Each structure stands twice: as C-alpha cells, then as structure tokens.
Amino acid sequence: MKGSVIKYEKDNIDTDVILPGPYLKIHDYKELAKHAMEGLDKDFHSKVKEGDFILAGRNFGCGSSREHAPIALSYSGIKAVLALSFARIFYRNAVDGAFLLPIEIDENAYKDISQSDTLEIDITKNEIKNLTKSRIYPMKPFPELIGKIVAAGGLFNYKP
Amino acid sequence: MGMNITEKILARASGKTSLAPDDVVFVNVDKVMIHDVSGPGVIAVFEKLKKQGMKIDKLWDPSKVWVAEDHFVPSADKISAQNIVLLTNFTKEFGISKHFKYGMGQYGICHTLSHEEAMVLPGEVYVGGDSHTNTTGALGAFAAGLGHTDVAYVLLNGKIWFKIPPTIYFKLNGKLPNHVMAKDFILKIIGDIGNDGAAYKTMQFGGSGVSEMSVEERLTLTNMTTEAGAKSGIIEPDKKLRDYLSTRGATKYKEVHGDQDAQYEKLYEYEASELEPTVAKPFSPENISVARDLSSIELDKAYIGSCTGAKLEDLRAVAKILKGRHVKIRTEILPAAISIFKKAMDEGLLKIFMDAGVMIGPPTCGACCGAHMGVLAKDEVCISTTNRNFPGRMGHLESKTYLASPLVAAASAVTGKITDPRDLK
C-alpha cells in the first residue's frame, strides 16, 4: 500500500467530527463520503485522493459506534489511518467491515511523518517506509485474531 | 484464580471454564438490538452479502432480537421516514416481533427500553448497534456497543468475538449528598481518568454508595462508561435490581456475581461526601469543573432528555427544582420513553414543567446527536443532561454544550447561567 499522508496533529478525533450526526440517516455511501471529516476539516473532500492515509494522535475515532465513520473515510479513498491509539468500536468496525486499516504507530513516527509525505505500508513486515524522507518506522503488529480477519478481508470472510 | 462478573458471564457464553483479560473468544449472544440508525446499516450489509452470493433468508434467532426507533423520529424528512419503512419491512421479513414502533404503544430510546421493558436480564450477553449499549450493564449483564457489520454477523451467527477486557473497579463509599447525582460522580471519574482512560476495558461500580443508589441512577454510571472509552460498564445484581425487574415482570434469570478473589486491574475509591455538582465543559466529557466555578457562563438553552438524563427519577429531580419557578431560557424536556412520559403525567410532573414555561417533547435522540428537534445555532450555549459534547454534537460546530445532571440543568434553566442547585434561591 502506497499513498500520501493527510496529517491532523490532534488527539481524540471523534466520530462526531469524522461523520456528523445529522448524516447518520444516509446509507448511500458515496453521499456519506462527501461529508467525511466535515466537523474537523471542511476541505477534506476536495483534497483527499484514492489511496491516501490519515495520520493522527491518540484515541482516534472515539465516541459513537456509527460504522458510517470508517465507511465515509473508506469511500473517500482512505486506505489506512495511522494513529497513536484507536477507540475500540472504530477500530473493530474498520477491521470487521474491511473498510480501512487502523495502524498503531509510535511517537517517533507520529512526529517524524509530515503532511503530504508518501508512505509505503507493509503489514507482512509490520513496517512503514517514508519514501519522501527515506526512513523506516515500525507499526504495532495486529493482535492474532485481528491479523487473521484483516488477511481474510473482513469478519464475514473469516472462518473461525 | 477467581473471576469477576464480566469474566464469568463471558466464560459461560463462550463455553470456557475460565477466562482472563486479553483472551480472545467468540461468545454466544443472548440479546441483540438495532435501531433506525444501525438497522438500515445492517440491511445494507445483508444486501452486500447477497450480492456476493450468500443466501440470507433467516436470522439465527429472531426471538432474541429487538428493535427500537429513536434517533430520527418523529421523521422530519423523507430519508428518515424511508428508514422506518426499511426497518418495518425487515422485521416482517425476518419475523422479529419485538419492535417498539414509534407512535404505537410503548416506544422510546433504546437504552431506556432495555431496562424499562426488561429486554435484557442479569447474566446475559447483550450487544446493540449503538455505543451507549453499555448502559444496560447496570442490570448485571455484559452489554457492549457494536457497528453494523458486527451486528449483522450476530444476527446471522448468534455469536461475536470479544477480547476479554481488564476490569477497573470504582468504589463509592457513603451516600451521595443532597443535590449530587450519579451524573456528577461519573463526570468526576471521566475527568480523573480521561476520555480514553478505560479504553478496551470494563468499568465496574460498587461500594455502599452504589448499593444506596436507585437502579435508574446506576444506569447513568454505566451509560457514560462509553465516554471513557470503555468496552462495557457493569454493576453486580442486588435486591434493588431484583425488585426493579420484578415490577417489570421479569423474575426468571440467572444472576452472575464475581468470585470473592476476583481480579481487577485497578481500584479507584471515592468518598461520596466529597463529591459536588459537576459539569463537563466543551468539547469533551473529560473537561470537567465544579458547577460553582462556572456560574458566570450564560446559557441560551437547557436540554433535559436522552438515555442519560430523562428517566423518571431524572424528571422528578427536575420537577423538584422547577416547582413554583419559571425558566429564564429556552428549556426542552423530553422523557426517554413514552411509559416514563405517562408516569410523569400521572405524578403531576408535566404540569410543573408546563407551569415553569418549559417545552415538553416526545422521546427521541434527535437533539442529543444534533439531528433534529432542537439543534443549536452558531454560538449558542446549552446545558444538557446528555452524555457527549464533542464539537458540533448538538448542532452548529461553533455551538457549545455543557454536560450536567438533571438538577444542575434545571437550576441553570431557572437562572439562565450555570448554577449549582445548592445556590438556587
């Protein structure tokens, strides 16, 4: 996976700003995507490109269980969110629905990766290459079951 | 080694004799809930699976599924109305009989119906397509919120994976003083541990202060565990809970209690007498202050509603303040279920509210999530009994919500500024 970074230097990016409540009634996912990140970054829809990554701080996706949040990001083109930590329901929604990869990184990577850097993520090696800066950072490996669900392509494709 | 209540419930539900934190298991689910936000999402998952060639003509057990309509009702637009039609067709197609339809008999907010109608019982594993499903843990059940895909998986397979959460125990010593409610206690806790302070964990509540609390007050504690990032919140069953459930016709269930030597990751102890009316400032439930320190904050509106703050006892607390007084700002009171609305009417609470000049509305989650029926304009400031105050939560991104107990919200409605009920003249 190769893409460029949209960085938000912020903790606790909640589901109300990722996909505001009034849009929860919408189940047309292309329509939802137009409102992704609307509560935090009004320009997100115009700047996001297919294959991009979001980089953020601690507790990304806190708040609601709304699956609309990872869906809206996914239909906007986001393939992975890199964060210092994730809120639990966002994390499992992202993985079980196979919408995007929630990747936990360390403080060093968080500080070192800049806006628009191009990254290459290799989950088989648990490694993130910063192609812009020619550096390599570790990613926290997925727990065993999560890794299997990711590899299967979502919970419905996973056979326990 | 002993197990706590959460570990014992999950061990029973996964067919294991013992479990410890961080074990990952598939657990059999006893009850599952969908509403007008998660239901259409689940239907979308089913449609996607059908396109991929999966045959979906029946659910694992329709008698264990129940449905609420609460977020976008009464429908303010065509999409919301259509979602209700989708839900109705879904329940008919799959033979789900427990459907609390808006405007027919009993209806209201899902987390309120779960206890008001005894939809979930002690010892059960309960999942719902809403993050505040945690609320129901006050009934001695393992209750956790999930997204559409996970709920769809449960509806078809009757089970779902969980990583066994470590449990943090919050012990409350002594009885809460007058004018201090469960909301003040949980806001204090979230302020102390932060809004990811219990991420992926269970928050268990106990001690003499929790035993003294009514079941409805306890539900406010477990409801807001979500705001500390918890997987679930739980309180062990006792006589008060048994009495509460029996008045709702539920007597047959198997209570689960933790072992004497149960393990907890951490213990926090609080003295009830030291707690004060507490408020969470914008834009996070962890951003707390004692109400008295905010007495200069001018308000445009008071909102008394939602799964956190519009149970019968919440409304009684509000009536205690509003009786014989008038509100100075726009104030909306929305009982959390129609059964509560009716009880409030029978007790004369609604007359007190109306005499105080308040607007009374139907049960709905509308304003709490900024959807409809009372959203905030730019720069408006609201004191609210709800559970979340993120940017834009209740309307405009530049509006502000202060979270408070029903007593603080009502006292503030009377003065137009944030007011500690102890200071109300």
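The following refers to the structure shown. (Residues numbered from 1 in each chain as written. Chains lettered and ligands numbered in written order. Predicted model: local features only at pLDDT ≥ 70, side-chain atom pairs only at ≥ 80, totals over all residues. Heavy atoms only, no water.)

1. Some points on the overall build of chain A
Then, in step 1: Check the secondary structure of chain A and you find seven helices and seven strands.
Then, in step 2: When the helices and strands of chain A are listed from N to C terminus, the series reads β-α-α-α-β-α-β-α-β-α-β-β-β-α.
Then, in step 3: Expected size for 160 residues packed as a compact globule is a radius of gyration near 15 Å; at 15 Å, chain A falls within 12% of this value.
Then, in step 4: Its C-alpha atoms put chain A at 40 × 40 × 25 Å along the principal axes.
Then, in step 5: Put simply, chain A has 160 residues, and 64% of those count as buried.
Then, in step 6: Taking contacts inside chain A between residues at least 6 apart in sequence as the whole, the part at least 24 apart equals 64%. (Helix = DSSP H or I, 4+ residues; strand = E, 2+ residues; numbered from the N terminus. Rg over C-alpha atoms; globule rule 2.2 N^0.38 Å. Buried < 20%, exposed > 50% of the residue type's maximum accessible area, 1.4 Å probe, protein only. Contact = heavy atoms within 4.5 Å.)

2. Brief notes about the overall build of chain B
Then, in step 1: Of regular secondary structure, chain B possesses 14 helices and 18 strands.
Then, in step 2: Against the compact-globule benchmark of 22 Å for 425 residues, chain B has a radius of gyration of 21 Å, which places it among compact chains.
Then, in step 3: Seen through its C-alpha atoms, chain B measures out along the principal axes to roughly 60 × 55 × 40 Å.
Then, in step 4: Scored against the burial criterion, the 425 residues of chain B give a buried share of 64%.
Then, in step 5: For chain B, contacts bridging at least 24 residues in sequence account for 75% of all contacts bridging at least 6.
Then, in step 6: Charged side chains in chain B number 50 positive and 50 negative. The centres of these two groups are separated by 3 Å. (Lys, Arg positive; Asp, Glu negative; His and termini not counted. Charge placed at Lys NZ, Arg CZ, Asp CG, Glu CD.)

3. Describing the sheet that holds strand S6 (residues 142-145) of chain B
Residue and element names in this part refer to chain B.
Then, in step 1: Taken together, the five strands give an open sheet; going across it, the order is S4-S3-S2-S5-S6, and neighbouring strands pair in parallel fashion. Of all the strands in the sheet, the pair left with one neighbour each is strand S4 (99-100) and S6.
Then, in step 2: Taken together, the four bridges between strand S5 (residues 125-128) and S6 define a ladder with parallel strand orientation. The residue bridging Gly128 from the neighbouring strand is Gly145, located in S6.
Then, in step 3: Here helix H5 (residues 148-157) sits on the sheet and contacts strand S2 (31-34), strand S3 (65-68) and S5; the angle it forms with S2, its principal contact strand, is near 135°. (Pairing = 2+ DSSP bridges. Axes fitted to C-alpha atoms, helices over the stretch in contact; angles between N-to-C directions.)

4. Structural notes on the packing of aromatic side chains
Two numbers describe a pair of aromatic rings. These are the distance of the centres and the angle of the planes.
Then, in step 1: For the coordinates displayed, the defined rule picks out 19 aromatic pairs over all chains.
Then, in step 2: Through pairs of rings, three or more aromatic residues link up here, namely Phe60(A), Phe86(A), Phe90(A) and Tyr91(A).
Then, in step 3: Against the face of Phe26(B) rests Lys159(B), its NZ or CZ located 5.8 Å from the ring centre. (Phe/Tyr/Trp six-rings, centres within 6.5 Å; stacked < 30°, edge-to-face > 60°. Lys NZ or Arg CZ within 6 Å of the ring centre and 35° of its normal.)

5. With respect to the nonpolar core
Then, in step 1: One finds Phe44(A), Phe60(A), Leu73(A), Leu82(A), Ile103(A) and Phe46(B) to be the most contacted residues of the largest nonpolar core, which totals 101 residues.
Then, in step 2: The dominant element in this core, judged by the number of residues it contributes, is H5(B), at six residues.
Then, in step 3: Those residues in contact with Ile103(A), other than ones at most four positions away along the chain, are Ala80(A), Val81(A), Leu82(A), Ala83(A), Phe86(A), Ile121(A), Ile128(A), Met139(A) and Phe142(A).
Then, in step 4: By size, the runner-up hydrophobic cluster in this structure holds 51 residues, among which are Val120(B), Leu350(B), Ile352(B) and Leu407(B). (Core = buried A, V, L, I, M, F, W, Y, C linked by side-chain atoms within 4.5 Å.)

6. What about the sheet that holds strand S7 (residues 135-138) of chain A?
Residue and element names in this part refer to chain A.
Then, in step 1: Ordered in space as S4-S3-S2-S1-S5-S6-S7, the seven strands form an open sheet in which the pairing is mixed. Of all the strands in the sheet, the pair left with one neighbour each is strand S4 (101-104) and S7. This sheet shows a mean twist of 30° between the axes of neighbouring strands, independent of strand direction.
Then, in step 2: Looking at chain direction, strand S2 (residues 53-56) and strand S3 (residues 80-83) are connected through four bridges and run parallel. Bridged to Ile54 within S3 is Val81.

7. Quick notes on the interface of chain A and chain B
Many descriptions give the size of an interface as the accessible area lost when the pieces come together.
Then, in step 1: Facing the 42 residues of chain A at the interface are 48 residues of chain B.
Then, in step 2: For the pair chain A and chain B, the summed buried surface comes to about 3,500 Å²; carbon and sulfur atoms form 59% of the total.
Then, in step 3: Among the residues of chain A in contact with chain B, Lys25(A), Arg88(A) and Phe156(A) are the three that bury the most area, contributing 23% of the side total.
Then, in step 4: Applying the counting criterion to the chain A and chain B interface returns four salt bridges.
Then, in step 5: The closest approach of N and O atoms between Asp77(B) and Lys25(A), which form a salt bridge, is 2.7 Å.
Then, in step 6: Put simply, chain A and chain B have 15 residue pairs in polar contact (both at pLDDT 80 or more) between them.
Then, in step 7: Going through the elements one at a time, helix H1 (15-18), helix H4 (68-76), helix H5 (88-96) and helix H7 (144-152) of chain A are the ones with two or more residues in the side of chain A that touches chain B.
Then, in step 8: If you tally residues by element for the side of chain A that touches chain B, the top one is H5(A), at six residues.
Then, in step 9: Across the side of chain A that touches chain B, the residue classes tally to 19 nonpolar, twelve polar and eleven charged. (Buried area = accessible area lost by both parts, 1.4 Å probe. Salt bridge = Lys/Arg side-chain N within 4 Å of Asp/Glu carboxyl O. Polar contact = N/O pair within 3.5 Å; in protein donor to acceptor, adjacent residues only side chain to side chain. Nonpolar A, V, L, I, M, F, W, Y, C, P; charged D, E, K, R; others polar.)

8. Focus on the side chain of Glu217(B)
Residues and elements named next belong to chain B.
Then, in step 1: Looking at where Glu217 falls in the secondary structure, it is placed in helix H8 (residues 215-223).
Then, in step 2: Buried charged residue Glu217 carries no salt bridge. Nearest counter-charge: Lys311, at 5.7 Å.
Then, in step 3: When near neighbours in sequence (up to four residues on either side) are disregarded, Glu217 contacts Met181, Ala182, Glu313 and Asp314.

9. Some words on the side chain of Ser232(B)
Residues and elements named next belong to chain B.
Then, in step 1: Of note, Ser232 is situated in strand S10 (residues 232-235).
Then, in step 2: Looking at Ser232, its side chain comes within polar contact range of the side chain of Thr202, at 2.7 Å.
Then, in step 3: Those residues in contact with Ser232 that sit more than four places away from it in its chain are Asn134, Phe142, Ala143, Lys201, Thr202, Met203 and Thr225.

10. Concerning the pairing of strand S15 (residues 330-333) of chain B
Residues and elements named next belong to chain B.
Then, in step 1: Bridge count between strand S14 (residues 301-304) and S15: four bridges; the pairing is parallel. Each bridged residue has a counterpart across the sheet, and for Lys301 the counterpart in S15 is Arg330.
Then, in step 2: Pairing between S15 and strand S16 (residues 359-360): two bridges, direction parallel. Bridge pairing in S16 links Ile333 to Ile360.

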